[in-house]
Each structure stands twice: as C-alpha cells, then as structure tokens.
Amino acid sequence: MSEGKEVKLKRGLKNRHIQMIALGGAIGTGLFYGSAQSIALVGPAILLAYLLGGGVIYLIMTMMGEMSTHEPVAGAFSHFSYKYWGEFPGFLAGWNYWFLYILVSMAELSVIGIYIQVCFPEIPLWASSLTVLVLITIINLFSIKIYGEFEFWFALIKVLAIILLIALGGYLILMGADGASISNLWSHGGFFPFGIKEFLLSLVIVMFSFGGTELIGITAGEADDPKKSIPKAIKQVIWRILLFYVLSIAVLMILHPWNEIGTDGSPFVIIFKEMGFGVVNTPIGEINIPATFFNIVVLSAAISVYNSGIYSNGRMLFGLAEQGNAPKFFLKLNRNSAPFVAILFSSLCTLVAVIINFIVPEGAFMRIMSLAVAAATITWGLIVIVQYKFRKQVDLKELTFKVPFYPYSNYFALAFLALLLVMMTQSGNMVYAVVVIPIWIILLYIGFLMKKRFAKKNRQ
C-alpha cells in the first residue's frame, strides 16, 4: 500500500465514462421511484417542475464546470471553496458533500429491497441492501477504468430502457390503449389540480431527482482531457436528462390517469402491470414481460446510483485528506490506485441504511430523501457562491468554459435554493430536515475548530 503523496489518482476516465457517470447519478431512484411521489403531490404540473428544476441544475452544473475545467482536481467542491472563499467553507463543502452522497447512497439502498421483493417477496429488505453494499464496495476497489466501464454499461441500460419506455408508450398511445389519452394531462382536476403551493413543494422531490449531475466536477481529477470532456459532458447531459424525465413522465400520465398511478413502487412497473400488456403464460405462471423488464431496470438504476455514490465519497475523502481536512490515512491507495480506506469507510457509513430498513422498513426512503435534499441545497449554494468569488479572482481570458448570464444566474440560483428550504418547512415529512441543517453546520464548525487546534499542537 502507498501513501497518497507518493501515488496519485490516475486519469483513466474517457468522455463517455464521464457522461454516463453524470447520467447514472441523476437517473435513478428519483425518476423510477420518487416520481410516483411527485406525481401524486402535484399532478401533471410535475412536468413544469422538472423543466424549472432542470434549468437551475444546468446553471449550477456550468458553475461547477467552469471551475473544474480551469483547475481539474480531486475533491473539487472542497478545493474551490477552500481556495476562493476560506478554510471553513472548504471544510464545510467537502464534508457536507460527502455526507450528502452517504444519504443518497442510503436512499438507493432503501429502495433496492423494494424492487427485489417484487419478484422475490420472501427476501427481507435489509438482506438485499446488504448484498448490494458488499458487491459495489468490491467493484470500487478495482482500478478507475473498471469502475468507469461498470458504470458506463449500468447507466447505458437505464438510458436505453427509458428510450424503450417512451417508444413503447408512444406505440400504446397511437394504438388507442384502454385509458390512454392526452386529455389525462388536464381532465382530472386540471393541469394544476392542487394549486401553486403543492407545485412548489414538488420541486423538493424534483431536485432530489437531479442530484448527482454535479458528479462531473468530481471526475475532473481522473479525466483524460478535462478541459474538453467536462464542458462537452455538461452540454450533452443536461438536455438528455430533461428529455428523459419530462418525456417519459408525460408518456406515463397520458397512458394512465395520474391520480390512479399510486405510490407503491415504481410507476413505470405499476402502469404496465395494470394494463396487462405483454402477459405470457409460463410453466411457473403468468409473467408480465414489460413490468418484469422495467423492474429489473429500476433495480439496476438504484445499484448504479449507489455505485456512483461510493465512487464520489471515496474521492471526496481523498481530497479532504490532501487538504488536511480529514485524517491522513484516507490518502492510502491500493495497487489499483483506488483510495481504498476512504471507500471502505464510506461504505461502512451507508450500512446505516441497512439498519434503518431492518428497524423501520416502511417510509425509510422519504426520511432519507428529505435529509439528502437539505444537504444538497448546502452543496449547491456553496457552488453558486464560490463560483461568484472564483470569477473575481481569476483572469477571465484563461477561462475556456463560462457560466451564462453571470452574475444574474448566480442570484437566480440562490433565490431558487432559498425557496426550496422555505417549502421544506411547509411539509410535515421534511421540516425536520431543515432543522437539521444549522445543527449539522454547527457540528462541522466544532470539528473544524478541533482540527485547527490539533494542527496547532502538532506544529508546536
């Protein structure tokens, strides 16, 4: 084993890897499972919510991309906050992002068992979560190229499945499937059946769906040609995400009245199951081929996002250790140049999700999701502020990729994030997550002071 100062992370990610890692992080439980919650909350207006949320995420991605292409480093969020704002913002950015993806990883583990129980109801939720945790941890201990290939194909499965869903849904609509009608988008209470307040509340779930796109910034330290691949990935990923989310959900609500979709599982699976399309008789009984297929897809989607989570957490801890904001043993790399101590520690922390599923299997996903959105809001807010400060300290002529409409895009993004927090206080299931934010920041500040005191003693 070698120390991080002697062995650095290797650049082995191609543009196709980076694009699929970002897609893999954003197309997962939020779309395949969380969309049922958001549709029930706001109805057809969820399409507008995805357009608005996607626009804000695009601005934040470009802010991250502007800094990452100018200075491609591991643990990018923390590095830029530390360099262009100050010591504590850097400490806060790094540890909060690590905590965020621990929560995201836990959310994915929470629904993996639900998907598996569709086919194997006798398997407990916690057993499925634990199995996936162990397998994905092992994969992340191999070289970055192996991880990149694994994530590329997992993400590709999701993308192709969504394209197939849209095509199959379009076919059913054109063939006049029972109950399918474009009027489903306004016939059951109107396009805004619950009013503006519920529409604004739905933005919380929508933003959870888009969380993960900022992974592009994390990959900068291991990208072959970050100055070209990162801007290209950002430009291509955002319109694909909007296309996949908006079009696929529109197809679902045209096929089936939105108020009858329900929230017990993935709406993609439920709709085809209810329609009875593609049911075949086998020696073991009737099998709904589309429903079974998409259940496998949503399972692979959750595994893919968990895979991205373990990857990003390991690199963030490695970056924090390089800055002196985390213990030096997180700098240790194995023979494959993977930060194995950071990966194992992060994986161990996600074990909490397995415990939660064992103790309270019902509602674990929504509890974890609200905390993840709160932590994501801190991360996104830091990116917006740090990029604003970054612009004032660098030579603009050196920037090869720039944020549009600076600084007004920064003001708009911050106002949107503030709105998210306000709306979370209006929901009984999410208000506790907002309360946790100041407590979490205070705890991190105490940790920061302890770190400073310890460093001072070492110098003396």
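It should be noted that the structure appears before, not after, this text.
Residues numbered from 1 in each chain as written. Predicted model: local features only at pLDDT ≥ 70, side-chain atom pairs only at ≥ 80, totals over all residues. Heavy atoms only, no water.

Undergrad: How should I be thinking about the side chain of Gln 387 in this particular structure?
TA: Within the secondary structure layout, Gln 387 lies in helix α15 (residues 364-391). Since its relative accessible area comes to 0%, Gln 387 is described here as buried. (Helix = DSSP H or I, 4+ residues; strand = E, 2+ residues; numbered from the N terminus. Buried < 20%, exposed > 50% of the residue type's maximum accessible area, 1.4 Å probe, protein only.)

Undergrad: Would you take a moment to explain the packing of helix α4 (residues 46-70) against helix α9 (residues 195-210) for this structure?
TA: Helix-helix packing: each pair is described by the crossing angle between the helix axes and the interaxial distance. Following both chains from N to C, one finds α4 and α9 inclined at 55°, their axes separated by 9 Å at the closest point. The angle between α4 and α9 falls in the class oblique. α4 and α9 meet at a crossing whose hand is right-handed. Within the contact between the two elements, α4 uses Ile 46, Leu 48, Ala 49, Tyr 50, Leu 52, Gly 53, Gly 54 and Ile 57 and α9 uses Phe 199, Ser 202, Leu 203, Val 206, Met 207, Ser 209 and Phe 210. Tallied by class, residues from the contact of α4 with α9 come to 11 nonpolar, 4 polar and no charged. (Axes fitted to C-alpha atoms, helices over the stretch in contact; angles between N-to-C directions. Parallel < 35°, antiparallel > 145°, perpendicular 65-115°, else oblique. Left-handed = near helix turned anticlockwise from the far one by under 90°. Contact = heavy atoms within 4.5 Å. Nonpolar A, V, L, I, M, F, W, Y, C, P; charged D, E, K, R; others polar.)

Undergrad: Can you help me understand the layout of surface pockets in this one?
TA: One way to see where empty space is left: roll a probe the size of a water molecule over the atoms. By volume, the second largest pocket is sized at about 260 Å³. What lines the second largest pocket is Phe 91, Trp 95, Gly 324, Asn 325, Ala 326, Pro 327, Lys 328, Gly 447, Lys 451, Phe 454, Ala 455 and Asn 458. When residues of the lining of the second largest pocket are traced back to their parent elements, those giving at least two are α6 (87-119) and α17 (431-459). Grouping the amino acids of the lining of the second largest pocket by side-chain chemistry returns 6 nonpolar, 4 polar and 2 charged. (1 Å grid on protein atoms, 1.4 Å probe; cavity = no way out; pocket = protein on both sides within 12 Å on 5 of 7 lines; lining within 4 Å. Points joined across faces, edges and corners; volume = space filled by probe spheres on them.)

Undergrad: I would appreciate a short explanation of α17 in the present structure.
TA: Every α-helix carries 3.6 residues per turn, so stepping three or four residues along brings you back to the same face. The terminal C-alpha atoms of α17 lie 43 Å apart, and with 29 residues this matches the ideal 42 Å at 1.5 Å per residue to within 8%. Along α17, the sharpest change in direction is near 25° and occurs at Ile 437; proline Pro 438 comes one to four residues later. (Expected span 1.5 Å × (residues − 1). Bend = angle between axes of the 7 residues up to and from the residue.)

Undergrad: How should I be thinking about unusual backbone geometry in this particular structure?
TA: In terms of backbone geometry, most residues other than glycine have negative phi values and most peptide bonds are trans. Cis geometry marks the peptide bond from Tyr 406 to Pro 407; its omega dihedral reads 0°. Along the chain, the position of Pro 407 falls in the loop between α15 and α16 (408-424). For Phe 405, which is not glycine, the phi torsion reads 60° and is therefore positive. Within the secondary structure layout, Phe 405 lies in the loop between α15 and α16. In this structure Phe 405 comes out as exposed when scored by relative accessible area, which is 66%.

Undergrad: Honestly, the nonpolar core in this entry has me stumped. Any pointers?
TA: The tendency in soluble globular proteins is for nonpolar side chains to be buried as a group. Core analysis: the largest hydrophobic core is formed by 132 residues, its most contacted members being Ile 46 and Met 253. With 19 residues, the top contributor of residues to this core is α6. In this view, Ile 46 contacts Ser 38, Ile 39, Ser 202, Val 206, Ile 249 and Met 253; residues no more than four positions away in its chain are not counted. (Core = buried A, V, L, I, M, F, W, Y, C linked by side-chain atoms within 4.5 Å.)

Undergrad: Which parts of the structure should I look at to understand helix α7 (residues 125-140)?
TA: Between its terminal C-alpha atoms α7 stretches 23 Å, which fits the 22 Å expected from 16 residues at 1.5 Å a residue. For α7, the full list of buried residues reads Leu 125, Ala 127, Ser 128, Ser 129, Val 132, Leu 133, Ile 136, Thr 137, Ile 139 and Asn 140.

Undergrad: Any chance you could explain the environment of Ala 321 here in plain terms?
TA: On the secondary structure map, Ala 321 appears in helix α13 (residues 289-323). C-alpha separation for the pair Ala 321 and Leu 331, spaced 10 residues apart in sequence, amounts to 6.0 Å.

Undergrad: I tried to follow a nonpolar patch on the surface on my own but got confused; where do I start?
TA: Taken together, the side chains of Val 431, Tyr 432, Val 435, Ile 439, Ile 442, Leu 443, Ile 446 and Met 450 present a nonpolar region at the surface, about 720 Å² in accessible area. Its location among the elements puts Ile 442 in helix α17. (Patch = residues over 30% accessible without salt bridge, like charges linked within 9 Å, V, L, I, M, F, W, Y side chains within 5 Å. Areas by Shrake-Rupley, 256 points an atom, 1.4 Å probe, with all protein chains shown as cover. Salt bridge = Lys/Arg side-chain N within 4 Å of Asp/Glu carboxyl O.)

Undergrad: What should I look at first to understand the packing of aromatic side chains in this one?
TA: The geometry of an aromatic ring pair is captured by the separation of the ring centres together with the interplanar angle, meaning the angle of the planes. Using the criterion set out here, one finds 20 aromatic pairs in the structure. With centroids separated by 5.8 Å and ring planes inclined at 20°, the aromatic side chains of Trp 98 and Phe 345 adopt a geometry described as stacked. One end of the pair, Trp 98, is in helix α6; the other, Phe 345, is in helix α14 (residues 340-359), with 247 residues separating them in the sequence. Relative accessible area serves as the criterion here: at 33%, Phe 345 is assigned to the partly exposed category. The interplanar angle of 70° and the centroid separation of 5.5 Å between the aromatic rings of Phe 192 and Phe 199 together place this pair among those described as edge-to-face. Overall, Phe 192 belongs to the partly exposed group, its relative accessible area being 34%. On the accessibility criterion, Phe 199 (7% relative accessible area) is buried. A cation over an aromatic ring shows up here: Arg 391 above the ring of Tyr 406, its NZ or CZ 4.5 Å from the ring centre. (Phe/Tyr/Trp six-rings, centres within 6.5 Å; stacked < 30°, edge-to-face > 60°. Lys NZ or Arg CZ within 6 Å of the ring centre and 35° of its normal.)

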